[in-house]
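# Results of the structural survey
Okay, here's what each chain looks like letter by letter:
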Amino acid sequence: MEKKLGVYSLAASLSTSIVIVLLFYILALQKVNAYPGVYVKVDVYAGMVYVFILSMIVSASIWPGIIEKRYSVNMLQKKVSQQDDKENSRLKT
Amino acid sequence: MEDVIIKINGMMCSHCEKTVSEAALGVKGVSKAKADHKKGEVKVSFDTKVTDLETIKSAIMASGYKVIDEGEACPLPAGQPVIRQEAKQEAREGGLKKISIKITGMTCASCAQNIEKALNNIEGVKSASVNFSFEKAAVEYDPSKVNPKTFEDTITSLGYGVAKSEVTLKVGGMHCASCAINIENALKKTGGIVNADVSFPLERARIAYDPELVSVPDIKKTIEDVGYTVSEQLEKSDADREQRAREEEIKRQRINFIIALILAVPISLGDMGRNMGWTFVPDIFKNDYVLFILATIVMLFPGRQFFEGTYKGLRHGMTDMNLLIATGTGAAYTISVAATFLDLGEAYKHTYYDTAALLIMFIVLGRYLEALTKGRTSEAIRKLMGLAAKTARIVVNGEEKEIPVEDVKVNDIVVVRPGEKIPVDGRVVEGLTAVDESMITGESIPVEKTVGSEVIGATINKTGMIKFRATKVGKDTALAQIIKLVEDAQTRKAPIQKLADIVAGHFILAVHVLALLTFFFWFFIGFEKFNVLTTFGMGLTSPFLFSLLISITVLIISCPCAVGLATPIAIMVGTGKGAENGILIKGGEVLEKAQKLDTIVFDKTGTLTKGEPELTDVLPIKGTENDVLRLAAIAEKGSEHPLGEAILKGAKARGIDVPDAGEFNAIPGRGVEVKYGGKRILIGTRKLMIDNGLDIAPLNDKLEELEHNGKTAMIVSSNEEIAGIIAVADTLKETSAEAVRELHAMGFSVAMITGDNRRTADAIAKQVGIDRVLSEVLPEDKAVEIKKLQAEGRKVAMVGDGINDAPALTQSDVGIAIGSGTDVAIESAQIVLIKNDVRDAAKAIRLSRLTLNKIKQNLFWAFFYNSIGIPIAAGILDPFTTPPCLLNPAIAAAAMAASSVTVTMNTLLLKRVKLKG
């Protein structure tokens, strides 16, 4: 299960980082178009790499905790509802 | 008079027997008490008019042992359970966890039921069952709502014990408080580990674990896996090993710094010289490829530690200050390498090898200075460890033989010549000498030792040769206990430190977010809005490079090292200084509590007074003073009562010959009756005389006057005629009045607690200047009185020494035991004064205040650096200053290193403070 949680965390971190990098890319392209002499493609690509590294560090620190917490709450709710169902069916019989 | 046998549980040895007997004898009215640990019982003789069985039982329980009452279904367990192994199992199932806890102190099935009920009442516990036979509780719980610590607290609050094993390991390779938190987190995630406290400055981890589920090698592997080195905690000859490890670290960082310095100079000159057009710099240093080679050496050797640390941390999903430095230097280096080998356009002709090299140089310098200063903060422990003797000379078959001190066994006869160190603790069996105990007690005057005196290991024999029988060796010696106490105190975290650790732990993440935001701001808004192209020269024509440099500066300046160091380093120095002065402070929490104290309560007997009554007055009615004293001494010769001993001692001091009397009869609570030379001698209270038909009316004024002065007056009669009055008193220690005066000057309200009657207590209090007297307090009610003071809103410190003080010491906000006190009192107290000097109570409180102030100063400086440095690094001043004020990443690295060094140096000032006595 822990391995699964790790995969979820990695996927969530990658997705978050990619979204941030895309956001950077879109905004940076606008700058390149608006100020062609000042902003060049290299700035955009280098910036994307840097933004990806930083956002990956940040999201990889945040997501595992969130996913683990969510998972345990869900499992608890599931367990409680399963017990309720069992109890109800026992009462019915 | 009644004789009873009380069944006791928990006695293991003769020491336990002594403790239980003393506890029973401490109760007024108990004349005899003899404990037997093999039979698990104590025989007590007591006066039913003065005390009752329950009072005696309470006193025994207060000393830490269980009283087994056959009529009671579930005997109340007392503290100090026998430590056994805890068994704990974890099973993840649907988010619920299962834990099995080994419980001590249960004596019957209803104990198990009580615990079960309490555990089931905790929110988050799905089910709990306690098995009395296996002494185990199985608990299924929701870890998101409750943690095992709550179970432990609940069980102990019921009066039972939770058993676990503990190990202390030496951890190497930590660079900041985040490292300590990372190790703690990794350990806590490991199955079988109940609790872990990791101290960064002390480089030590104290781990409570379940040996059935996890072994010490497993624990060590967990720490190593996260990227740190670990070794077994120092058992013996630790001073050398610790010193060596520290010297190695200092050497490693010094070499790193020298390499970084030698290479950073040409790199900086070359890189900057090219940009600034400096002609004095040889062209070879301006060559990109040469700069690349030099910078690569810096990254590979002095800089490698940061990348290795980052890699090991990230592998386990952990971040620390290495990541900040690796990100910063890595970014500067990578962009420079790209500019060297790729054609990225006009704006990317510039390289930043100098930034990377200078960053590493300054940070390595910081680590080098930190390693140097950190060594000085733990000097106290090293000094204590260094006190231990290396060899001992023991007598084997009548011949002296020199052996390593570790090989000395209990009961060995040890020979110590003048000038030599006493190797272990023991009792003198031959010889007379004076011993310098200043290294242990802080007392500068040598103490005389004769046959029967106790000697302490590590003290120095000054004048004569002695032979003594070893009573405590190895880990049991006073020195070893002191070292353990100080080490434990230094590892234990203060609440304020926990807060700082949390801040430091989340700081790295916050800094990366801030660096990202800063990068976005300067890339998209700042670069264009603040006209960077025209205001900055130096080839900064690329918005990416400009934003990157600012972002790197933010990363570098934000290192939380100083925040993480602020508290533990102050606790280390504070507790170390205390140990040097004979004051043992058990942990950082005490420092905070001591800060809030407003009332100091002194136990009277043995604390303010010497605890031994002395003969003070002899008032003859018939005959001379010596005649009356002789009669009294004859009567008391067979008595073991302390008052009788005082009279006998007084008579001997006056050179009076005291013959043996016949038919000794002790009348409990009243006095003594003896027959001598056909005469009937009585000594005792008014009641004894009245019962024997003697008229005491003419003596009343004198008796009252003596009692008013805090003395115990006794009437002596011979052959139905009043002979005179004898008075004894427990005299005050010379230092008591001064101690009270000092505490008053510090603004404390000082109270005294005693079982004496009001008049006697008031008289003593008046002599020392105490403003509040709690008199006629039964030993078992001392804790209640402390509670009452606390209910008035006071923060109370209790100073005491006896077994009966233990509950009051525990009840008080800060318990202070004086060194002459019993083991139980010392165990119950949070501050231990090794010297038998009450003035040290004021010193201890002063030291606590000083240390806490130092912590606050350190935290202020640490946060000040970051709160000022980060906005400047992020370029907040840039729009408002001309020329624009931006921090160079190298300057940021220097500032970061300076913050840690400032905090350490500020703490070291504490060592210079003199604790006035």
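Every residue gets a number counted from 1 within its own chain, in the order that chain's sequence is written. Whichever chain is written first becomes A and whichever ligand is written first becomes 1, with later ones labelled in order. Reporting of local features is limited, given that this is a predicted model, to residues whose pLDDT is at least 70; pairs of side-chain atoms are given and counted only at 80 or more, and all residues count toward the totals for whole chains, interfaces and linings. Where side-chain values are given, they derive from all heavy atoms of the structure, hydrogens and water being excluded.

## Regarding the interface of chain B and chain A
Accessible area lost during the coming together of the parts is what is often quoted as the interface size. Throughout, a residue-residue contact means that at least one pair of heavy atoms, one from each residue, lies within 4.5 Å. The partner chain A presents 25 residues to the 33 residues of chain B that form the contact. Between chain B and chain A, roughly 2,700 Å² of surface is buried when both sides are summed, and carbon and sulfur atoms account for 74% of that area. We count a salt bridge whenever a side-chain nitrogen from Lys or Arg sits within 4 Å of a carboxyl oxygen from Asp or Glu. Where chain B packs against chain A, one counts 1 salt bridge. Ionic pairing is found between Lys31 of chain A and Glu528 of chain B, a salt bridge with its closest N-O pair at 2.7 Å. In protein, a polar contact means a hydrogen-donor-capable atom and an acceptor-capable atom, both N or O and within 3.5 Å, with residues adjacent in sequence counting only if both atoms are side-chain atoms; elsewhere, any N or O pair within 3.5 Å suffices. Applying the counting criterion to the chain B and chain A interface returns 6 residue pairs in polar contact (both at pLDDT 80 or more). Within the residue set of the side of chain B that touches chain A, elements represented by two or more residues are α10 (321-341), α15 (495-529) and α17 (543-557) of chain B. The way it works is that DSSP assigns letters per residue, a run of H or I at least four long becomes a helix, a run of E at least two long becomes a strand, and they are numbered from the N terminus. Ranked by residue count, the leading element in the side of chain B that touches chain A is α15 of chain B, at 11 residues. Asp, Glu, Lys and Arg are counted as charged, while Ala, Val, Leu, Ile, Met, Phe, Trp, Tyr, Cys and Pro are counted as nonpolar; the rest, among them Gly, fall into the polar class. Looking at side-chain class alone, the side of chain B that touches chain A contains 20 nonpolar, 8 polar and 5 charged residues. Accessible-area loss on putting two parts together, using a 1.4 Å probe and summing over both, is the definition of buried area adopted here.

## Considerations on the pattern of salt bridges
Residue and element names in this part refer to chain B. Following the criterion strictly, the structure yields 26 salt bridges over all chains and no others. The closest approach of N and O atoms between Arg427 and Glu454, which form a salt bridge, is 2.8 Å. One end of the pair, Arg427, is in strand β16 (residues 425-430); the other, Glu454, is in strand β19 (residues 454-455), with 27 residues separating them in the sequence. For Asp762, the salt bridge identified is with Arg758, shortest N-O distance 3.4 Å. Within this pair, Asp762 and its partner Arg758 are both found in helix α26 (residues 758-768), separated by 4 residues, close to a single helical turn. Type-normalised accessible area, obtained with a 1.4 Å probe on protein chains alone, sets the label of each residue: buried when under 20%, exposed when over 50%, and partly exposed for intermediate values. You can call Arg758 partly exposed: its relative accessible area is 42%. The network of salt bridges with shared partners includes Arg393, Glu400, Arg417 and Glu420.

## Focus on the sheet that holds strand β15 (residues 413-416) of chain B
Two strands pair if DSSP finds at least two bridges between them. The strand order β14-β13-β15-β21-β16-β19 (chain B) describes an open sheet built from 6 strands, whose pairing is antiparallel. The sheet is open, and its two borders are formed by β14 (399-404) and β19 of chain B, each paired with just one other strand.

## Notes on the confidence of the model for chain B
All names here are of chain B. Per-residue confidence for chain B averages 80 on the pLDDT scale, and 84% of its residues sit at or above 70. Every residue is assigned a pLDDT by the predictor, reflecting its confidence on a scale from 0 to 100. Helix α8 (residues 288-300) holds the highest mean pLDDT among the elements of chain B, 94, whereas helix α29 (residues 823-828) holds the lowest, 65. Under a pLDDT of 50 for its full length, residues 71-93 has, in the predicted model, 73 contacts with residues more than four places off or in other chains.

## Digging into the sheet that holds strand β25 (residues 662-667) of chain B
All names here are of chain B. With respect to topology, 6 strands assemble into an open sheet ordered β24-β29-β28-β27-β26-β25, the strand pairing being antiparallel. Of all the strands in the sheet, the pair left with one neighbour each is β24 (609-620) and β25. Sheet twist, expressed as the mean angle between neighbouring strand axes with direction ignored, is 20°. Pairing of strand β28 (residues 712-718) with strand β29 (residues 721-732) involves 7 bridges; the strand directions are antiparallel. Across the sheet, Ala713 pairs through a bridge with Ala727, a residue of β29. Each axis is a line fitted through C-alpha atoms, and for a helix only the stretch in contact is used; angles between axes span 0 to 180 degrees, taken between their N-to-C directions.

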